[in-house]
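# Breakdown of the fold
In case you want the letters, here they are:
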Amino acid sequence: MALFSKAPTKPFARSEYDVLRQVILCKPEYMTIRDVINETQKKFKNEGIHIELAMAQHKQFVEKLKEHNVEVILLPALKMFPEQVFTRDIGFTMGHILFVAEMANKLRQGEEEVLKGWLEQQDISYFNLRRDQIEGGDVLIDGQTIYVGLSDRTNQQAIDHLQSILPHYNVVTVPFIEKYLHLDCVFNIISPTEALYYPHAFTQKEIDLLASRYELIEVSEEEQFTLGTNVLSIGHKKIFSLPVNQKVNDQLRSRGYEIIEVDITEIIKSGGSFRCCTMPVVRDGDK
Ligand SMILES: CN(C)C(=N)NCCC[C@H](N)C(=O)O
């Protein structure tokens, strides 16, 4: 037995844009559109997913993350879970607590057990949100505020429960048109003062709420479909984004962001992009 064993990772995240240190991904080894469970998949059901291409694109994404000093944890991919590449939805880190919830969609239920297995193996404690329907794609943190999308996958009861567990945070419910799946398909925070959004997913009330805190950068209908809001910030004003989302990328570059373009268009056919494919465990404030 080693005299000094490595101390377990301490989960920490307080924003969507602090420096990303450790993140969980899963290779799209068994990715397929088995049952259509979102609007994007409807369009690609017949075409299907080219696994070799998805794997190659995912590999490039992982390599780029590593090049930028992000530690990548790869969960084991299991044949029974065709949507496992979207690790964002199986949990979320808020402050020092890593939450694991039950997946809402039957096809995805059980994916969270793979995460729990890894956490237990690493001796990382987590908060098990049993019977709560809340998916990480709906949860965004910015300091003391947590924005949670009210969606087909996340209900008000779970949002209220989260608020009761985190009394020192302000948990804000953000309703949006359900066909857009998760809040991060239509809204994403990239700095303390800026956020990407797709206005047509919201009523004026939600737009006013978000605009009271952020300068909102509009994503077009075309680029919403290619998940223009679903970028991944890794800190130091560096953002992963798809090459196809040129309007988003130009707007971000003009604001001084470095865009790391990686083509994961085979993966987005199932309804998720960079944010969906990543579950941050550690983000620190060293910006
Ligand atoms: C931004 N989004 C949508 C996410 N956070 N997750 C993507 C989940 C896609 C998966 N096919 C599903 O329908 O669950």
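Analysis parameters
- Residues numbered from 1 in each chain as written.
- Predicted model: local features only at pLDDT ≥ 70, side-chain atom pairs only at ≥ 80, totals over all residues.
- Heavy atoms only, no water.
- Helix = DSSP H or I, 4+ residues; strand = E, 2+ residues; numbered from the N terminus.
- Rg over C-alpha atoms; globule rule 2.2 N^0.38 Å.
- Buried < 20%, exposed > 50% of the residue type's maximum accessible area, 1.4 Å probe, protein only.
- Contact = heavy atoms within 4.5 Å.
- Lys, Arg positive; Asp, Glu negative; His and termini not counted.
- Charge placed at Lys NZ, Arg CZ, Asp CG, Glu CD.
- Pairing = 2+ DSSP bridges.
- Axes fitted to C-alpha atoms, helices over the stretch in contact; angles between N-to-C directions.
- Near = heavy atom within 4 Å.
- Polar contact = N/O pair within 3.5 Å; in protein donor to acceptor, adjacent residues only side chain to side chain.
- Areas by Shrake-Rupley, 256 points an atom, 1.4 Å probe, with all protein chains shown as cover.
- 1 Å grid on protein atoms, 1.4 Å probe; cavity = no way out; pocket = protein on both sides within 12 Å on 5 of 7 lines; lining within 4 Å.
- Sits in = over half its atoms within 2 Å of the grid points.
- pLDDT = per-residue confidence, 0-100.
- Salt bridge = Lys/Arg side-chain N within 4 Å of Asp/Glu carboxyl O.
- Points joined across faces, edges and corners; volume = space filled by probe spheres on them.
- Nonpolar A, V, L, I, M, F, W, Y, C, P; charged D, E, K, R; others polar.

Moving on, we get to the overall build of the chain. When you go through the chain residue by residue, the secondary structure sums to eight helices and 15 strands. The C-alpha radius of gyration computed for the chain amounts to 18 Å, which stays within 12% of the reference 19 Å derived for 287 residues, consistent with globular compactness. Each of the three principal axes of the chain carries a C-alpha extent, and together these read 55 × 45 × 35 Å. Out of the 287 residues belonging to the chain, those deemed buried represent 57%. Sequence-distant contacts in the chain: of pairs separated by 6 or more residues, those separated by 24 or more amount to 69%. Considering the chain, the positive charge centre built from 32 side chains and the negative charge centre built from 41 side chains are found 3 Å apart.

The phi dihedral of asparagine 69 is positive, around 65°, even though this residue is not glycine. Phi at aspartate 123 is positive, roughly 65°, even though this residue is not glycine. Along the chain, the position of aspartate 123 falls in the loop between α3 (111-121) and β5 (127-133). Overall, aspartate 123 belongs to the exposed group, its relative accessible area being 62%.

On to the sheet that holds strand β8 (residues 170-175). What the three strands build is an open sheet, ordered β6-β7-β8; its pairing is mixed. The sheet terminates laterally at β6 (139-142) and β8, the two strands that pair on one side only. Pairwise comparison of adjacent strand axes, ignoring direction, gives a mean angle of 25° for this sheet. Pairing analysis gives four bridges linking β6 to strand β7 (residues 145-150), with the strands arranged antiparallel. Bridge pairing in β7 links valine 139 to valine 148.

A word on the side chain of serine 270. Within the secondary structure, serine 270 is located in the loop between α8 (265-268) and β15 (279-284). In this structure, serine 270 is in contact with Met31, Ile33, Asn38, Gln41, Ile49, Glu83 and Phe86, ignoring residues within four places of it in sequence.

Moving on: the site of the ligand. Around the ligand, the surrounding shell holds 18 residues, and the nearest of these are Glu83, Asp89, Arg108, Asp184 and Cys276. For the ligand, a nitrogen atom lies 2.7 Å from a polar atom in the side chain of aspartate 89. Contacts to the ligand include arginine 108, whose side-chain N or O atom sits 2.8 Å from an oxygen atom. Relative to its unbound accessible surface of 390 Å², the ligand loses 100% to contact with the protein. Taking a 2 Å distance to the grid points as the criterion, the majority of the atoms of the ligand fall inside the second largest cavity.

A few words on the pairing of strand β11 (residues 215-218). In this structure, strand β10 (residues 194-197) lies alongside β11, joined through four bridges in parallel fashion. In the strand pairing of β11, alanine 195 is matched with leucine 216.

Chain-level statistics for the chain give a pLDDT mean of 95 and a share of 98% at 70 or above. This prediction of the complex comes with two scores: 0.95 for pTM and 0.91 for ipTM.

A separate point is the sheet that holds strand β13 (residues 238-241). Ordered in space as β12-β13-β14, the three strands form an open sheet in which the pairing is mixed. Strands at the two margins of the open sheet, each flanked by one partner only, are β12 (232-235) and β14 (258-261). The mean angle between the axes of side-by-side strands here comes to 30°, regardless of whether they run parallel or antiparallel. Strand contacts of helix α7 (residues 246-254): β13 and β14, with the helix running at about 150° to β14, the strand carrying the most contacts.

This part takes up the pattern of salt bridges. In the structure shown here, the tally under the stated rule is 19 salt bridges. In this structure, glutamate 135 engages arginine 153 in a salt bridge whose closest nitrogen and oxygen atoms are separated by 3.1 Å. Pair noted here: glutamate 135 is in the loop between β5 and β6 and arginine 153 is in the loop between β7 and α4 (156-165), with a separation of 18 residues, a long-range link. The class for glutamate 135 is buried, based on a relative accessible area of 0%. Classification of arginine 153 as buried rests on a relative accessible area of 3%. Between lysine 269 and glutamate 266 there is a salt bridge whose closest N-O contact spans 2.7 Å. Accessibility expressed as a relative area gives 8% for glutamate 266, which makes it buried. Within this structure, Glu16, Asp184 and Arg275 form a network of salt bridges that share partners.

Glancing now at the layout of surface pockets. Its boundaries defined by the atoms lining it, the largest pocket holds a volume of some 290 Å³. Among the secondary structure elements, those contributing two or more residues to the lining of the largest pocket are α1 (39-44) and α6 (221-225). Counted by class, the lining of the largest pocket contains six nonpolar, four polar and four charged residues. Lining the second largest pocket, in full, are Lys6, Ala7, Pro8, Thr9, Gln22, Glu71, Ile73, Trp118, Gln121, Gln122, Asp123 and Ile124. Elements that contribute at least two residues to the lining of the second largest pocket include exactly β2 (71-74) and α3. Classifying every residue of the lining of the second largest pocket gives five nonpolar, four polar and three charged.

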